Amino acid sequence: MTKQRTFVPEDLYRLVLVGDPQISPDGRSVAFVRSHVEGEKRELRSHIWLVPEPGAPPRPYTRGPRSDSQPRWSPDGRRLAFVRQTGEGPKADRQIWIIDGRGGEAYQLTQMRNGAASPVWSPDGRYLAFVSAVDDAWAEAAEKARDAADETTGRAADETTPRAADEFNPVKPKTEADRKREEQRQRDEARLYTRFRYKFDHTGLFPPRRSHVWVVEVPETPPGAAEELPAPVQVTSGFYDHSLLDWSPDGRWIAAACSREDERRLVMDIWLFPAPVDGAATGPEPARPVKLTSSDGVFADARWSPDGKKLAVIGHHREFRGATLHRLWLFPAPGQPGEKVCLTAHWDRGIGGTVNSDVRPGMAGAGLTWSPDGRAVYFVADDRGATHLYRVDVDENGPAAAEPKMIVGGPREIYGFSLSADGTKAALAVSEFHNPGDIYLVDLAAAAGGGAASSAASGAGAAAASGAAAAGPAEIRLTAVNEGLLRDTALPEVMEIEFESFDGLPIHGWIMKPVGFEEGRRYPAVLQIHGGPHTAWGCSFSLEMQLMAAWGYAVIFVNPRGSTGYGQRFAFGCVDDYGGADYKDLMAAVDYAVSLGFIDENSLAVTGGSYGGFMTNWIVTQTSRFKAAITHRSISNWISFWGVSDIGPNFMQNEFGVESLWAGFDQLWERSPLKHAQNIETPVLICHSEHDLRCPMEQAEQLYLALKWLGKPAELLRHPRSNHDLTRTGPPPLRVDRFRHIRRFLQQHVPAR
C-alpha cells in the first residue's frame, strides 16, 4: 500500500475555495464563487461557476481576467449580475456585469469612476441597485448646486451636469489621465483629515470619498457597441458611508445601513430610501428617507418580508458592549402598525457565523432570508463550534411562534446559503475539519423533517474521529473541489474535549492529534488561541493546524470564556478581564490535555493571532511552561493601541470599559504584556504585517525591541504588502513563507518526530 502524503505549506497553492452559493429562483441551478491560486505571481483568482442541475458537473460560468464575485440572479432567473475586477493596484477597477442565465458572453453594465459592487435586483428585474463611492469634491459641488437651485420653481440641480468638479464625476469612467493625476496627488500632496475615523485595516487610509447607493436600469438585451449604457441615479447623499441591503417587494424603497451620528459613537442604523424608479414615488408628496432604527444600537442587516409589511433586522443595543450577541428583530415597515419585536430575546445564541478559518478569501457570508410565505426567517448561528442553518417561525402578529429550529446542522460550518423562490430548496457552502468547503443542495422540507445531517447532532459533539459529516438523505453534494488532494493526504484525528476550568466553568474544544498518531507515545503540542475575542474555534478547516499535525504536533484549540457559541454570559466572560480568567481557562486546557497521557508537558508551544496574539504575549509573561511562542498581529501595549489602531478608542470602551485613555491609563498598562516583558523567558517569534492598521506594526516593534534590550530570545518577522488579515486572505506566497518560518521556529525549540 502506498504511504499517503501529508500536508505541506505549498498545498495552499493547490487548494480550491468555494463560497457565496446562489440558487436560481426555480431551484435547479446553483451559481457560486470558485477561487484558486494561479500565475507566476501566485495570486488568487476568482470566477463564477455553475451547477446547472443536481448531478451535473460544475462548469465555469464567467472567465474574467482577475476576479469575478457576488453572483446574483434576477428574479425571473434569466440573468445573473456579478462584480468583475480588472487590473491591479492603482489600475484595479470593479464594475457590475450581466450574463445571460443560459451562459454566453457577459457585458459591462456600469462604468463608475470609483467602481461598483453589491448588486441587488429590483423585484421586477428591471433595475439593479449597487454601491459606488462619491468623491467629497463632487459631493460638495452637488451640495452647493442644490443650495443654488431655483427656489421659486423647486427645480433640483442635475447631479450629472458638468461642473467645476467634473474631474470627479462619479458616473464617468476613470481615464488614464485621471489615474495619473490621482497618483501625482498621492505622491505630492499631504492628506488632510478632519473626521474621527480616517482609516480602516482592509481599506487603508480613507480616500476623500463616501460609499453611496445607486440604481441603474438593466437593458433587456445587451447594448450594442455604439449604444450608451443606461445612466445610474444616485439614491443616497451626504458625507456618510452606506451599505446596501435590500429592495422592498413593491419596489418603492431601498434599505441600507448607515450611521449619521457622531463617529465616536458605536451606532449603526437601518435607513429606507425612496427608489428612483418608475412608479416608486407615488403619493401627493415625494417620499423622504426613513430611519427605521433609533440610533441606540448596532443594526447592520435587514430584509423585507414578502408582503412588504415588516423587515427582519439583525442587531443589538450593546447591552453587553462589544460582546453583545446579535439578535433577530421585526420592525414594521413605514405606514404599518406595530412596534419592533425581538424574535430571539430568549434564545441564548447569536445570529450569524463567527467560527474561524484560514481559507476564506473574502467571500460574502450568510445573512437573512424570508420564507416565501412570510411565516419564517432563515439564518445561520453558532452552537458549540458548529454553524447551523436555523429557521424561526413568525406569528401573523409579529412575535416568534417558537424558538429557532435547527434545519441543517451537524459537526461542520455553514458559511453561506440562499433559498429558491418557492422556499423548498437551499444551496449551502459547508466546511468541515478536513474539507475547506463544498457546495450542497438541500431539500428543506426533508431537512426539517429530520432527513438531513442536522437531525443527527445538535452541535459539534457528534463529530466523528475524522471530523467529517456525511450528507444526509435531504442533501446533494454538488462539488468536490479538493477531492483529489484530500484523498491523497493523510489527515489527523480530531478529538473533542470538555473540562472544568479553575472556577468550575465548562470549557469546550478539541485536540487535533499528530498525523500517524500512535498509542503510548508522547507528542509535542501547540496551544492555538483564536482572535476576536468574540469568535470561536470550531468544525471548520484550518490549514495551519493541519500542517502542525502533519509536522508531528498535537494541536490544542479550545474556546475560553469570551468565545461565541456558548451563550451571552459566556461571551461576556473576558470583558474587563483580558489576561485574567480567560488565561486560566487556557492553562486549564493545557493541563487537561497533558492529563490525557499523549502530550509531552516539557514540549509545549503557544501561538495565536490578534487577541490570540495578545494572549500569547500575556501567557509568556505569566509562565515559562512553554518552550516556544509564536505571536501573530498581536497587541503588546494597550496604551499605544488606543491611539494607533483603527478601532482603538471604541475597542477600549467595549472590552475594558475605559471611556478615555486618561481615565483608564493604569488599567490598560497593567494588562499590557510590554509592562511585564522582563518576565519573559520563552523564545518568541513575533510575526506582523507591515500594513496592519488593526494592530499596527509598532505593537510588534515595541515588544521586539524590549526583548532584545533585555537580552531575551526573540525574532521579528515582518510581512510586506499585507494587512491584519494576512493569515486568511493575504498574498499566497507570503502565507506559504509564514508557514515555513513557523515550522523552522517550532523545530528549533520544540522538535517533533
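What you are looking at is a predicted structure, and each value in this text was computed from that prediction instead of being measured. (Residues numbered from 1 in each chain as written. Predicted model: local features only at pLDDT ≥ 70, side-chain atom pairs only at ≥ 80, totals over all residues. Heavy atoms only, no water.)

Chemist: I'd love a proper account of the overall build of the protein chain, names of residues and values included.
Modeler: Along its length, the protein chain carries 14 helices and 38 strands. The globule rule puts the C-alpha radius of gyration for 753 residues at 27 Å, and the 26 Å found for the protein chain is close to it. When the backbone C-alpha atoms are referred to their principal axes, the protein chain occupies close to 85 × 60 × 55 Å. Buried positions account for 57% of the 753 residues belonging to the protein chain. Expressed as a percentage of contacts within the protein chain between residues at least 6 apart in sequence, the contacts between residues at least 24 apart total 61%. Carbon together with sulfur atoms contributes 49% to the accessible area of the protein chain, which is approximately 30800 Å² in total. Placing the 83 positive and 96 negative side-chain charges of the protein chain at their respective mean positions leaves the two points 4 Å apart. (Helix = DSSP H or I, 4+ residues; strand = E, 2+ residues; numbered from the N terminus. Rg over C-alpha atoms; globule rule 2.2 N^0.38 Å. Buried < 20%, exposed > 50% of the residue type's maximum accessible area, 1.4 Å probe, protein only. Contact = heavy atoms within 4.5 Å. Areas by Shrake-Rupley, 256 points an atom, 1.4 Å probe, with all protein chains shown as cover. Lys, Arg positive; Asp, Glu negative; His and termini not counted. Charge placed at Lys NZ, Arg CZ, Asp CG, Glu CD.)

Chemist: I'd love a proper account of the packing of helix α5 (residues 543-550) against helix α14 (residues 732-749), names of residues and values included.
Modeler: Their axes nearest at 11 Å, the elements α5 and α14 cross at an angle of 40 degrees. Considering only the axes of α5 and α14, their crossing is right-handed. From α5, Leu-543, Glu-544, Leu-547 and Met-548 reach across to α14, where they touch Arg-738, Phe-739, Ile-742 and Leu-746. Residues of the contact of α5 with α14, tallied by class, amount to six nonpolar, no polar and two charged. (Axes fitted to C-alpha atoms, helices over the stretch in contact; angles between N-to-C directions. Left-handed = near helix turned anticlockwise from the far one by under 90°. Nonpolar A, V, L, I, M, F, W, Y, C, P; charged D, E, K, R; others polar.)

Chemist: A description of the sheet that holds strand β38 (residues 714-719) should follow, citing residues and the corresponding values.
Modeler: Strand order in the open sheet formed by eight strands is β31-β32-β34-β33-β35-β36-β37-β38, and the pairing between neighbours is mixed. Because the sheet does not close on itself, it has two edges, and the strands there are β31 (494-500) and β38. The sheet shows a mean angle of 20 degrees between the axes of neighbouring strands, taken without regard to direction. Running at roughly 120 degrees to β31, helix α7 (residues 581-595) makes contact with β31, β32 (506-512), β33 (523-529), β34 (554-559) and β35 (599-609) of the sheet. Lying on the sheet, helix α8 (residues 611-622) is in contact with β33, β35, β36 (628-632) and β37 (684-689); it crosses β35 at an angle near 135 degrees. (Pairing = 2+ DSSP bridges.)

Chemist: Outline the nonpolar core, supporting the account with residue identities and numerical values.
Modeler: Residues Leu-527, Ile-619 and Trp-638 are the most contacted members of the largest nonpolar core, which totals 100 residues. A total of eight residues in this core trace back to one element, the largest contributor, which is α7. Non-local contacts of Leu-527, meaning those with residues more than four positions away in its chain, are made with Ile-556, Leu-586, Met-587, Val-590, Ala-605, Val-606, Thr-607, Ile-619 and Phe-626. Ala-81, Val-134, Ala-139 and Val-218 belong to the second-largest nonpolar core, a separate cluster that totals 19 residues. (Core = buried A, V, L, I, M, F, W, Y, C linked by side-chain atoms within 4.5 Å.)

Chemist: With reference to specific residues and values, describe unusual backbone geometry.
Modeler: Residue Pro-533 follows Gly-532 across a cis peptide bond; omega there is 5 degrees. Within the fold, Pro-533 resides in the loop between β33 and α5. In this structure, Gln-70 takes a positive phi of about 55 degrees despite not being glycine. Note that Gln-70 resides in strand β5 (residues 67-73). Owing to a relative accessible area of 16%, Gln-70 belongs among the buried residues under this scheme.

Chemist: I'd like to hear about the side chain of Ser-640, residue by residue, with values.
Modeler: With respect to the helices and strands, the residue Ser-640 is situated in helix α9 (residues 638-644). For Ser-640, the side chain forms a polar contact with the side chain of Gln-699, separated by 2.9 Å. With residues up to four places along the chain from it excluded, the contact list for Ser-640 reads Glu-698, Gln-699 and Gln-702. (Polar contact = N/O pair within 3.5 Å; in protein donor to acceptor, adjacent residues only side chain to side chain.)

Chemist: I'd like a rundown of the packing of aromatic side chains, residues and numbers included.
Modeler: Under the criterion given, the structure shown has 30 aromatic pairs. Judged by centre distance (6.0 Å) and plane angle (70 degrees), the rings of Phe-7 and Phe-541 are edge-to-face. Here Phe-541 lies in the loop between β33 and α5 and Phe-7 lies in the segment before β1 (17-23), a separation of 534 residues in the sequence. Across the pair, Phe-541 and Phe-7 agree in class, each one buried. Pairing Phe-614 with Trp-638 gives two aromatic rings, centres 5.3 Å apart and planes at 50 degrees, and the pair type is tilted. (Phe/Tyr/Trp six-rings, centres within 6.5 Å; stacked < 30°, edge-to-face > 60°.)

Chemist: Tell me about the sheet that holds strand β19 (residues 298-304), residues and numbers included.
Modeler: Sheets are built from strands that pair by backbone hydrogen bonding, the pairs being arranged parallel or antiparallel. With respect to topology, four strands assemble into an open sheet ordered β19-β20-β21-β22, the strand pairing being antiparallel. Of all strands in the sheet, those bounded by a partner on one side alone are β19 and β22 (341-342). In this structure, strand β20 (residues 310-316) lies alongside strand β21 (residues 327-332), joined through six bridges in antiparallel fashion. When the sheet's bridge partners are listed, Ile-314 is paired in β21 with Leu-328.

Chemist: Describe the environment of Ala-275, naming the residues involved and giving the relevant values.
Modeler: On the secondary structure map, Ala-275 appears in the loop between β17 (269-274) and β18 (290-291). A C-alpha to C-alpha distance of 9.2 Å links Ala-275 and Trp-214, two positions 61 residues apart in sequence.

Chemist: With reference to specific residues and values, describe the pairing of β38.
Modeler: Inspection of the sheet shows β37 paired to β38 by six bridges, in the parallel sense. When the bridges of β38 are listed, Ile-686 appears paired with Leu-716. Handedness of the crossover is the feature at issue here: the chain leaves β37, passes through helix α12 (residues 697-709), returns alongside β38, and the resulting connection is right-handed. (Right-handed = clockwise from strand over helix to strand, strands pointing away.)

Chemist: Pulling in residues and values, what's your account of the state of the cysteines?
Modeler: Summed over the entire model, instances satisfying the criterion amount to zero disulfides. Looking at the unpaired Cys-687, the closest cysteine sulfur is the one in Cys-695, lying at 14 Å. Here Cys-695 falls in the buried class, since its relative accessible area comes to 2%. (Disulfide = S-S within 2.5 Å.)

Chemist: Describe α12, with residues and values.
Modeler: Relative to the 18 Å expected for 13 residues at 1.5 Å per residue, α12 spans 18 Å between its end C-alpha atoms, a close match to the ideal helical length. Among the residues of α12, those classed as buried are Met-697, Glu-698, Gln-699, Ala-700, Leu-703, Ala-706 and Leu-707. With its phi angle positive at about 75 degrees, Gly-711 sits one or two positions after the end of α12. (Expected span 1.5 Å × (residues − 1).)

Chemist: Give a detailed account of α7, specifying residues and quantitative values.
Modeler: For α7, spanning 15 residues, the distance from its first C-alpha to its last is 21 Å, which sits close to the expected 21 Å at 1.5 Å a residue. A large share of α7 lies buried, amounting to 11 of its 15 residues. When we look at burial in α7, the residues that qualify are Ala-581, Asp-582, Tyr-583, Asp-585, Leu-586, Met-587, Ala-588, Ala-589, Val-590, Ala-593 and Val-594. For α7, the elements touching its buried residues are β31, β32, β33, β34, β35 and α8. Positive phi appears at Gly-597, one or two residues downstream of α7, with a value of about 100 degrees.

Chemist: Describe the packing of α7 against α8, and please don't skip the residues or the numbers.
Modeler: Two elements in contact, α7 and α8, have axes separated by 11 Å at closest approach and are oriented at 80 degrees. Here α7 lies roughly perpendicular to α8, going by the angle between them. Between α7, through Asp-582, Tyr-583, Leu-586 and Met-587, and α8, the contact on the second element is made entirely by Tyr-611, Met-615, Trp-618, Ile-619 and Gln-622. Grouping the constituent residues of the contact of α7 with α8 by class yields seven nonpolar, one polar and one charged. (Parallel < 35°, antiparallel > 145°, perpendicular 65-115°, else oblique.)

Chemist: Describe the pattern of salt bridges, and please don't skip the residues or the numbers.
Modeler: One pass over the structure, following the stated rule, counts 51 salt bridges. A salt bridge links Asp-188 to Arg-187; the shortest N-O distance between them is 3.4 Å. One salt bridge connects Glu-263 with Arg-195, and the closest N-O pair in it is separated by 2.7 Å. Here Glu-263 is found in the loop between β16 (253-258) and β17, whereas its partner Arg-195 is found in the loop between α2 (176-188) and β11 (199-200), with 68 residues between them in sequence. Relative accessible area serves as the criterion here: at 22%, Glu-263 is assigned to the partly exposed category. When salt bridges that share partners are traced, they join Arg-113, Asp-135, Glu-167, Lys-174, Asp-178, Arg-181, Glu-182, Arg-185 and Arg-209 into one network. (Salt bridge = Lys/Arg side-chain N within 4 Å of Asp/Glu carboxyl O.)

Chemist: Tell me what's going on with the side chain of Thr-489, and back it up with residues and numbers.
Modeler: Checked against the element boundaries, Thr-489 lands in the loop between α4 (483-487) and β31. For Thr-489, the contacting residues outside a window of four places in its chain are Gln-4, Arg-5, Thr-6 and Phe-7.

Geometry only, nothing functional implied.
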